[in-house]
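A closer look at the structure
The chain contents come next:
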Amino acid sequence: MTTETEFTRPSQFLHLQPFANTYGVTVVEEKPGSVVIEAPYLEALSTPPDLFPTSSVGAVGDMAAISSCLSMLPKGWACATLDFTVKMTGQARGEKLVARGRVLQAGKSFSVGSADVFSVLNGKETLCGVVMATSRNFPIK
């Protein structure tokens, strides 16, 4: 496994993904095995009345969960989502989503991560979804 100074940084990869840019995702915190990302409310990706749809909660949660898995890989490796599940726990209304991803199992070929997704309204975080995701890990050299 990697040390804190040599881990793969999700912030170096997420901005290269067009879908992450579409969601306006930014990495707020990253360390080996955990990642925190944010995504702003975008009307073009909303559902009336002013809610983040389940698909957005799932996508942002997937990015956090898989990015946490990526952070455990050695340099020269990447990963891609094989599957993910989102379970909504409440309404996703607010000015942004915050997803806190963590590794559940880091493997050489496959990894499993999870993310708690919170909607933020007037500075108050409310859990709105939980995502579990599996990644396929591969060398990019």
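Keep in mind that this is a model prediction, so the values were computed, not measured.

1. Structural notes on the overall build of the chain
Within the chain one finds three helices and six strands. The linear arrangement of helices and strands in the chain, starting from the amino end, is α-α-β-β-α-β-β-β-β. Against the 2.2 N^0.38 benchmark of 14 Å for 141 residues, the chain shows a C-alpha radius of gyration of 14 Å, consistent with a compact globule. With respect to the three principal axes, the spread of C-alpha positions in the chain is 45 × 25 × 25 Å. A total of about 7,200 Å² of accessible surface is found on the chain, and carbon and sulfur atoms cover 57% of it. Treating the 12 positive side-chain charges of the chain as one cloud and the 12 negative ones as another, the clouds have centres 7 Å apart.

2. Considering the nonpolar core
Counting residues in hydrophobic clusters, the biggest one holds 27 residues, and the most contacted among them are Val25, Ile37, Val57, Val60, Met63, Leu97 and Val117. Put simply, the parts of the chain that give this core at least two residues each are strand E2 (34-40), helix H3 (54-70), strand E3 (77-88), strand E4 (96-105), strand E5 (110-121) and strand E6 (124-139).

3. Looking at H3
Its 17 residues place the ends of H3 24 Å apart at the C-alpha level, agreeing with the 24 Å of an ideal helix rising 1.5 Å per residue. Counting buried positions over the 17 residues of H3 gives 15, a clear majority of the element.

4. A word on the pattern of salt bridges
Going through the model one piece at a time under the given rule, you end up with five salt bridges. Where Glu125 meets Arg100, a salt bridge forms, and the shortest distance between an N and an O atom there is 2.9 Å. Residue Glu125 is found in strand E6, and its partner Arg100 is found in strand E4; the two are separated by 25 residues along the sequence. The class of Glu125 is partly exposed, set by a relative accessible area of 35%. Under the relative-accessibility criterion, Arg100 is labelled partly exposed at 32%. A salt bridge links Arg102 to Asp116; the shortest N-O distance between them is 3.6 Å. Linking Arg102 in strand E4 with Asp116 in strand E5, this pair joins segments that are 14 residues apart in sequence. Among the residues examined, Arg102 registers a relative accessible area of 33% and is labelled partly exposed. Given a relative accessible area of 22%, Asp116 falls into the partly exposed group.

5. A word on empty space enclosed by the protein
The final tally for this structure, using the stated rule, is one cavity of 30 Å³ or more. By volume, the largest cavity is sized at about 40 Å³. Around the largest cavity, the lining residues are Tyr23, Pro40, Leu42, Leu45, Phe52, Ser56, Val60 and Leu97. Residues belonging to the lining of the largest cavity are distributed by class as follows: seven nonpolar, one polar and no charged.

6. Some thoughts on unusual backbone geometry
Negative phi is the rule for most residues except glycine; trans is the rule for most peptide bonds. Residues other than glycine seldom take positive phi values, yet Asn122 does so here, at roughly 55 degrees. With respect to the secondary-structure elements, Asn122 resides in the loop between E5 and E6. For Asn122, a relative accessible area of 72% corresponds to the exposed category.

7. Section: the packing of aromatic side chains
A complete count under the given rule lists one aromatic pair for this structure. Between Tyr41 and Phe52 the ring centres are 5.5 Å apart and the planes differ by 85 degrees, which places this aromatic pair in the edge-to-face class. You can see Tyr41 sitting in the loop between E2 and H3 and its partner Phe52 sitting in the loop between E2 and H3, a full 11 residues away along the chain. Sitting over the face of the ring of Phe110, Arg136 holds its NZ or CZ atom 5.3 Å from the ring centroid.

Basis of the calculations
Residues numbered from 1 in each chain as written. Predicted model: local features only at pLDDT ≥ 70, side-chain atom pairs only at ≥ 80, totals over all residues. Heavy atoms only, no water. Helix = DSSP H or I, 4+ residues; strand = E, 2+ residues; numbered from the N terminus. Rg over C-alpha atoms; globule rule 2.2 N^0.38 Å. Areas by Shrake-Rupley, 256 points an atom, 1.4 Å probe, with all protein chains shown as cover. Lys, Arg positive; Asp, Glu negative; His and termini not counted. Charge placed at Lys NZ, Arg CZ, Asp CG, Glu CD. Core = buried A, V, L, I, M, F, W, Y, C linked by side-chain atoms within 4.5 Å. Buried < 20%, exposed > 50% of the residue type's maximum accessible area, 1.4 Å probe, protein only. Expected span 1.5 Å × (residues − 1). Salt bridge = Lys/Arg side-chain N within 4 Å of Asp/Glu carboxyl O. 1 Å grid on protein atoms, 1.4 Å probe; cavity = no way out; pocket = protein on both sides within 12 Å on 5 of 7 lines; lining within 4 Å. Points joined across faces, edges and corners; volume = space filled by probe spheres on them. Nonpolar A, V, L, I, M, F, W, Y, C, P; charged D, E, K, R; others polar. Phe/Tyr/Trp six-rings, centres within 6.5 Å; stacked < 30°, edge-to-face > 60°. Lys NZ or Arg CZ within 6 Å of the ring centre and 35° of its normal.

That is the geometry; function is a separate question.
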